[in-house]
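# Examination of the molecular architecture
Here is how the chains run, residue by residue.
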Amino acid sequence: MNLFAYRGGRLHCEELPVDELAERFGTPLYVYSAGTFRKHYARFTRAFAPLDPLICFSVKSCANLSVLRLLGSLGSGFDVVSGGELFRALQAGAPPEHIVFAGVGKTQEELTEAMQAGVGRINVESESELSVLSHVARRFDHPARVAVRIIPEVDARTPHHYTTTGTKDNKFGVPIEQAAALFRKYARVPVLRLCGLHLHIGSPVRTVEPYETAIGRAVALVDELRGEGFTVDTLDIGGGFPADYERAEALPAAAYAERIVPLLEGRGLRVVIEPGRCLAANAGILLTRVIHTKDTGRRRFVIVDAAMTELIRPALYDAYHFIWPTYAEGRVPVDWSREQPFEGLVRCDVVGPVCESGDFLARDRALPALRRDDLVAIFTCGAYAMSMSSQYNSRPRAAEVLVDGREPRLIRRRETYDDLVQAERV
Ligand SMILES: Cc1ncc(COP(=O)(O)O)c(C=O)c1O
């Protein structure tokens with residue numbers, strides 16, 4: 001469900017042909033659809049409405065201030081994992097109590113910033129962190145509101161093992177069986193209000209079962225802790241809900257809610273959910289232009305002006321992104337699958353200009369024959385694309401545009417060569 005569609009053979013974002021955006025703002029260019037963000041947010045909140053949860057958009061997935069403002073205006077809070085993300089959320093005008101702060105290595109400075117801001121909850125990930133926080137919090141006249149991130153020991157069966165986070169092989173959280181001991185030791189420390197649990201099992205999680213198991217274990221722990229006399233009023237179930245990469249592959253939020261809601265309803269818990277990808281990924285594309293093509297006799301390469309610097313997911317996770325020319329008369333794809341049912345497609349690797357063999361955006365992909373200057377769209381780039389970008393090979397970062405109906409708004413200008421050296425001192 002997104003507002004990118006071919007009309008008259010031309011790819012549009014909402015009411016605008018994307019080739020016009022490329023002409024005006026240059027390439028590579030991230031293009032986001034405001035309407036798609038709204039639709040996805042509405043669908044997600046509707047699905048989980050019986051829990052009246054606090055939705056905290058995961059800033060790491062798409063961190064642009066205008067996107068955060070848009071989601072904030074819809075009622076979203078924010079999940080942040082660094083002082084920088086906290087800064088962004090505050091800059092975007094988020095009420096501090098709607099910010100949750102996770103992260104396995106928060107520094108004393110970052111914990112201090114979180115206390116200064118008065119964030120809604122600090123999700124601690126180790127006893128060491130809890131101990132540092134209990135010292136930091138003494139300097140403030142309000143207690144630190146704290147949840148313990150637990151390891152539910154659930155394999156989320158994510159497409160790549162780098163994105164599984166809910167087992168003892170991963171660095172996140174504390175083993176669930178150690179959580180009660182932390183409550184016994186810290187829940188009565190006067191500067192702490194230790195009264196919640198947090199979990200995030202991975203991303204994307206394409207089936208509901210891992211959530212059911214993890215939440216079931218968390219709820220059992222809540223009961224145990226309450227049985228010992230502790231107040232536990234919050235359960236943050238993290239994010240990880242999927243997006244469509246290949247076709248309509250992602251289960252809708254309603255399918256998750258249908259089985260998660262009954263586990264949590266009526267338990268006197270403030271439920272927090274931290275979706276990122278499922279709100280943002282399909283709300284963005286990356287536009288890129290063909291610079292050169294060449295054939296090595298073994299492989300055909302299409303070299304485009306976007307690279308692993310703009311989209312690292314293929315290199316990092318071997319992730320699949322659908323790619324297609326923005327002008328596709330007679331060959332408008334019916335879905336986003338690898339094999340499209342058209343005659344005359346050419347197998348090629350779509351690669352960037354970065355000096356790494358790992359710099360590819362697609363490998364062995366059947367595409368219409370591409371020529372210099374052709375404009376190509378890489379889909380599902382609203383999440384973990386720009387936010388994971390880099391300046392490697394001294395490439396200035398690309399611009400971002402947010403389209404709302406007929407209105408394109410430049411929400412991040414393209415970086416210049418001066419930006420590359422701005423922070424350096426000689
Ligand atoms: C703690 C936490 N919450 C939420 C998310 C968001 O995940 P997703 O974008 O898949 O919803 C992440 C992603 O890494 C995370 O680490």
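Small disclaimer: the values here were computed from a predicted structure and weren't measured. (Residues numbered from 1 in each chain as written. Predicted model: local features only at pLDDT ≥ 70, side-chain atom pairs only at ≥ 80, totals over all residues.)

Here we take up the overall build of the chain. Across its full length, the chain holds 12 helices and 21 strands. The C-alpha radius of gyration computed for the chain amounts to 23 Å, which stays within 12% of the reference 22 Å derived for 426 residues, consistent with globular compactness. Projecting the C-alpha coordinates of the chain onto the three principal axes gives extents of approximately 70 × 55 × 40 Å. Taking all 426 residues of the chain together, the buried fraction comes to 47%. Long-range contacts, defined as pairs at least 24 residues apart, comprise 70% of the intrachain contacts of the chain with a sequence gap of at least 6. (Helix = DSSP H or I, 4+ residues; strand = E, 2+ residues; numbered from the N terminus. Rg over C-alpha atoms; globule rule 2.2 N^0.38 Å. Buried ≥ 20, exposed ≤ 12 C-beta atoms within 10 Å, placed from the backbone. Contact = placed C-beta atoms within 7 Å.)

Here the focus is the sheet that holds strand β2 (residues 10-13). A sheet is described by the order of its strands in space; here three strands give the open sequence β1-β2-β3, paired in antiparallel fashion. Two strands close off the open sheet at either side, each with one partner strand: β1 (4-7) and β3 (16-17). Where β2 and β3 come together, two bridges link them in antiparallel fashion. Note on β3: the bridge partner recorded for C13 is L16. (Pairing = 2+ DSSP bridges.)

Turning to the site of the ligand, a few remarks are in order. Taken together, 18 residues lie near the ligand, and S58, S203, G239, G276 and R277 sit nearest. In terms of residue class, the shell around the ligand is made up of six nonpolar, eight polar and four charged. (Near = placed C-beta within 6 Å. Nonpolar A, V, L, I, M, F, W, Y, C, P; charged D, E, K, R; others polar.)

On to the environment of I122, then. Relative to the assigned elements, I122 resides in strand β8 (residues 121-124). Setting aside residues no more than four positions away along its own chain, I122 makes contact with F101, L111, A114, L133, A144, R145 and V146.

Per the domain assignment, the segments making up the chain are domain 1 (4-32 + 281-421) and domain 2 (35-277). Taking only C-alpha atoms, the centre of domain 1 and the centre of domain 2 are 32 Å apart. Contacts between the two partners involve 24 residues from domain 1 and, on the opposite side, 21 residues from domain 2. Considered class by class, the residues forming the side of domain 1 that touches domain 2 number 12 nonpolar, six polar and six charged. (Domains from an automatic or database assignment.)

Their axes nearest at 10 Å, the elements helix α5 (residues 108-117) and helix α6 (residues 127-136) cross at an angle of 55°. Of the possible angle classes, the one that applies to α5 and α6 is oblique. Note on packing geometry: the crossing formed by α5 with α6 is right-handed. Counting all contacts with α5, which are made through Q108, L111, T112 and M115, the residues of α6 involved are V132, L133 and V136. Residues that form the contact of α5 with α6 fall into these classes: five nonpolar, two polar and no charged. (Axes fitted to C-alpha atoms, helices over the stretch in contact; angles between N-to-C directions. Parallel < 35°, antiparallel > 145°, perpendicular 65-115°, else oblique. Left-handed = near helix turned anticlockwise from the far one by under 90°.)

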